[in-house]
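# Descriptive structure summary
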Amino acid sequence: MSGSRKILVLNGPNLDRLDLRDSLIYGSMNFAQLTDFIFTSAKALDLNVEVRQSNSEVEIIGWLHEAADGENPVILNPAAFTHYSYAIRDAAAMLPSPLIEVHLSNPLAREEFRHTSVISGVAQGTIGGFGPDSYRLALIAMKEMI
Ligand code: DQA
């Protein structure tokens, strides 16, 4: 395992029920399978990751504070919070280490309310539209930065 700090891969609301959502948009993996995929991808890149999911804005903000204090790089799929949570944005803005925003789907190709991300402006970059591979691509990009 590389000497770099643990990357926190944080996931927002409803991603725990991935397999019950529209499979044309989100594919057929459940969250446990997505988590396995992220771990396998991280291992291949010699990266240390921890994957978490919460439906609670409060909990996600707490995790971002933890990442700020621990100087952990963060890969964040804020799910629907992407589009309106200024509180998550403000917490993300305090991260001293890189932040990459990820989405399974391509929000820009979907309903208009998904075209706004209040998170993108405080992230190093955003990767969306590649299904689970969005996370793998984010890990590759993160490896370059840390
Ligand atoms: C999502 C896209 C969001 O618009 C949506 O609310 C989600 C998942 C994605 O990964 O494609 O819950 O973040």
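Summarised in this report is the structure supplied together with it. All values derive from a computational prediction rather than experimental measurement. Sequence order sets the numbering: in each chain, residues are counted from 1 along the sequence as written. Given that the model is predicted, a residue must reach a pLDDT of at least 70 before its local features are reported, and side-chain atom pairs must reach 80 or more before they are shown or counted; all residues, however, enter totals for whole chains, interfaces and linings. Calculated side-chain values reflect all of the structure's heavy atoms, with hydrogen atoms and water omitted.

### Examining the site of the ligand
What counts is decided by this rule: In this text, near means that some heavy atom of the residue lies within 4 Å of the molecule or strand in question. Any pair of nitrogen or oxygen atoms within 3.5 Å is treated as a polar contact; in protein, a donor-acceptor pairing is required on top of that, and neighbouring residues in sequence qualify only through side-chain atoms on both sides. Here the term charged refers only to Asp, Glu, Lys and Arg, the term nonpolar to Ala, Val, Leu, Ile, Met, Phe, Trp, Tyr, Cys and Pro, and the term polar to all other amino acids, Gly among them.
Around the ligand sit Arg21, Tyr26, Asn77, Ala79, Ala80, His83, His103, Leu104, Ser105, Arg110 and Arg114, and those are all the residues in its vicinity. Between an oxygen atom of the ligand and a side-chain N or O atom of His83, the distance comes to 2.7 Å. Within the side chain of Ser105, an N or O atom sits 2.6 Å from an oxygen atom of the ligand. In terms of residue class, the shell around the ligand is made up of four nonpolar, four polar and three charged.

### Thoughts on helix α5 (residues 133–145)
Definition in use: For the purposes of this entry, the term helix denotes a DSSP run of H or I that reaches at least four residues, the term strand denotes a run of E that reaches at least two, and both are numbered from the N terminus. Each residue after the first adds 1.5 Å to the expected span of a helix. Think of it in three bands: with a 1.4 Å probe and only protein chains considered, a residue is buried below 20% of the maximum accessible area for its type, exposed above 50%, and partly exposed in between. Here the arc refers to the directions that run from the helix axis out to each C-beta atom.
Compared with an ideal rise of 1.5 Å per residue, which puts 13 residues at 18 Å, α5 spans 18 Å between its outermost C-alpha atoms and is within 8% of the ideal. The set of residues buried in α5 consists of Ser134, Tyr135, Ala138, Leu139 and Met142. Angularly, the buried residues of α5 cover 140 degrees about the axis, an arc narrow enough to put them on a single face.

### Here we look at the packing of aromatic side chains
Each aromatic ring pair is summarised here by two numbers: the centre-to-centre distance and the angle between the ring planes. Put simply, the test is: Note on aromatic pairs: the rings of Phe, Tyr and Trp (six-membered ring only in Trp) are paired at centre separations within 6.5 Å, and the planes decide the class, stacked below 30 degrees, edge-to-face beyond 60, tilted for the rest.
Taken as a whole and assessed by the stated rule, the structure comprises one aromatic pair. Judged by centre distance (5.9 Å) and plane angle (70 degrees), the ring pair of Phe81 and Tyr84 falls under edge-to-face. For Tyr84, a relative accessible area of 48% gives the class partly exposed.

### Quick word on unusual backbone geometry
Apart from glycine, the bulk of residues carry a negative phi angle, and the bulk of peptide bonds sit in the trans form. In the Ramachandran plot, Asp46 falls in the positive-phi region, its phi being about 60 degrees despite a non-glycine side chain. As for its position among the elements, Asp46 is in the loop between α2 (31–44) and β2 (49–53). The class of Asp46 is partly exposed, set by a relative accessible area of 32%. At Glu71, a position not held by glycine, the phi torsion is positive, near 55 degrees. Of note, Glu71 is situated in the loop between α3 (57–70) and β3 (74–77). Judged by relative accessible area, which is 42%, Glu71 ranks as partly exposed.

### Observations regarding α2
For α2, which comprises 14 residues, the first-to-last C-alpha distance of 20 Å matches the rise-based estimate of 20 Å (1.5 Å per residue) to within 8%. Capping the start of α2, Asn30 holds a side-chain oxygen 3.1 Å from the backbone nitrogen of Ala32, two or three residues further along. Just past α2, the residue Asp46 takes up positive phi, approximately 60 degrees.

### Remarks on the environment of Arg114
What counts, and what does not: Should any heavy atoms of two residues lie within 4.5 Å, those residues are considered in contact.
Mapped onto the fold, Arg114 is located in the loop between β4 (99–103) and β5 (125–128). Here Arg114 falls in the buried class, since its relative accessible area comes to 15%. Along the sequence, Arg114 and Ile100 sit 14 residues apart, while their C-alpha atoms lie 18 Å from each other. Apart from the residues within four sequence positions on either side, Arg114 is in contact with Tyr26, His83 and Pro107.

### Concerning the sheet that holds β2
For clarity, the threshold we go by: Whether two strands pair comes down to DSSP finding at least two bridges between them. Note on method: axes are straight lines fitted to C-alpha atoms, helices fitted across the in-contact stretch only, with angles between N-to-C directions ranging 0 to 180 degrees.
Ordered in space as β2-β1-β3-β4-β5, the five strands form an open sheet in which the pairing is parallel. What marks the edges here is a single partner per strand, and that holds for β2 and β5. The sheet shows a mean angle of 20 degrees between the axes of neighbouring strands, taken without regard to direction. Here β3 runs beside β4; their pairing, made up of three bridges, is parallel. By the bridge assignment for β4, Leu76 is matched with Glu101. Across the face of the sheet, α3 comes into contact with β1 (7–11), β2 and β3 while running at roughly 170 degrees to β1.

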